[in-house]
Amino acid sequence: MRFPALLLCICLVLLPSKLCAEDTESVSKGTPVSVNFGVKAGFTAALSLISDFTIEGMPIDQVQNNYKVGYFSSVFMRINFGNHFLQPEVSYNVNKCDISFSKPVSEDVPVGTGRSERASILSQIHSLDIPVLYGYNFIKQGPYSMALFGGPKIRLLWRNKSDITFRNFDQTDLTEELQPMSVSFTMGVAVTISPIFFDFRYDIGLLNLTKQLSGSEVYYERRDNVLSFSLGIFF
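Treat the numbers as computed from the prediction; the structure is a model and nothing was measured.

Omega for the peptide link from serine 194 to proline 195 comes to 0°, which places this bond in the cis form. Inspection of the secondary structure puts proline 195 in the loop between β10 (181-193) and β11 (196-205). We note that aspartate 173 has phi near 55°; this positive angle belongs to a residue other than glycine. Within the element layout of this structure, aspartate 173 appears in the loop between β8 (163-167) and β9 (175-178).

Taken together, the 13 bridges between strand β1 (residues 33-55) and strand β4 (residues 69-81) define a ladder with antiparallel strand orientation. Of the residues in β4, the one forming a bridge with valine 35 is isoleucine 79. Where β4 lies against strand β5 (residues 84-102), nine bridges are found, and the strand directions are antiparallel. Its bridge partner lying in β5, phenylalanine 76 is registered against glutamate 89.

Attention shifts here to the pairing of strand β7 (residues 144-157). Alignment of strand β6 (residues 118-141) against β7, held across twelve bridges, turns out to be antiparallel. For tyrosine 136, the partnering residue across the bridge sits in β7 and is leucine 148.

Secondary-structure assignment places serine 184 in strand β10. If sequence neighbours within four positions are ignored, serine 184 has contacts with Gly151, Pro152, Lys153, Arg155, Ile204, Gly205 and Leu206.

Turning our eyes to something else, we now look at the packing of aromatic side chains. Taken as a whole and judged by the stated rule, the model has ten aromatic pairs. Above the face of the tryptophan 158 ring, lysine 161 is positioned so that its terminal group lies 5.9 Å from the ring centre.

Okay, the nonpolar core next. Counting 18 residues, the largest nonpolar core has Phe53, Ile55, Phe101, Ile121, Phe166, Phe169 and Tyr220 as the members making the most contacts within it. Elements with a contribution of two residues or more to this core: β1, β5, β6, β8 and β13 (218-234). Sorting elements by how many residues they give to this core places β6 first, with three residues. Setting aside residues up to four positions removed in sequence, tyrosine 220 forms contacts with Ile50, Ser51, Asp52, Phe53, Ile121, Phe166, Glu176, Thr210 and Leu213. If you look at the next biggest cluster of nonpolar residues, it comprises five residues, including Leu133, Ala147, Phe149 and Ala190.

Reading guide: rules and limits
- Residues numbered from 1 in each chain as written.
- Predicted model: local features only at pLDDT ≥ 70, side-chain atom pairs only at ≥ 80, totals over all residues.
- Heavy atoms only, no water.
- Helix = DSSP H or I, 4+ residues; strand = E, 2+ residues; numbered from the N terminus.
- Pairing = 2+ DSSP bridges.
- Contact = heavy atoms within 4.5 Å.
- Phe/Tyr/Trp six-rings, centres within 6.5 Å; stacked < 30°, edge-to-face > 60°.
- Lys NZ or Arg CZ within 6 Å of the ring centre and 35° of its normal.
- Core = buried A, V, L, I, M, F, W, Y, C linked by side-chain atoms within 4.5 Å.
- Buried < 20%, exposed > 50% of the residue type's maximum accessible area, 1.4 Å probe, protein only.

Structure, rendered in structure tokens:
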């Protein structure tokens, strides 16, 4: 996936120039424009949405998500024009999730005599996330503001750093290879008490994270939705 990464870098280089041109035009029209930089850090809770889950051809219908706390840190730039703003970010994320399910009982076992056992999949996924958000301050008075925001996010998965563990599976040598890149949609709300702000957001995974499962007759697709909370400061 070298070409998408190169294309992304080009877009990030060209974006500030384009925004500066738009800002200059806004100033000429009398709209106040300012640029802020900032940093933030916080915690995440990831939800793995598993679909088309089968083990040796037998479907797994009920999967339980057990939330694990992850973390992240970000740097960002906010371009303000009136009550509106654009906010590109770069963040390093470590999302953790744990799903469990009852292993299917073979059809050869008489009904009522087979005892279902639990198995689980533990994931710790490292990624570099690059969202570009549009926001609107529906409250903005002096140093206080409250905004809604949303926008696309590109996730570059650090596959060598990520770890996926299969517990209590009957299959051996089971490994999962992740896609190198994924796309999410982010939406949330931010409360600012200058220069401090709080940020609540929810990421909706749009693409399958699983590239390949190898080692046995296990198949599934997964998307990650992530709830996050952060505390940040403007410079």
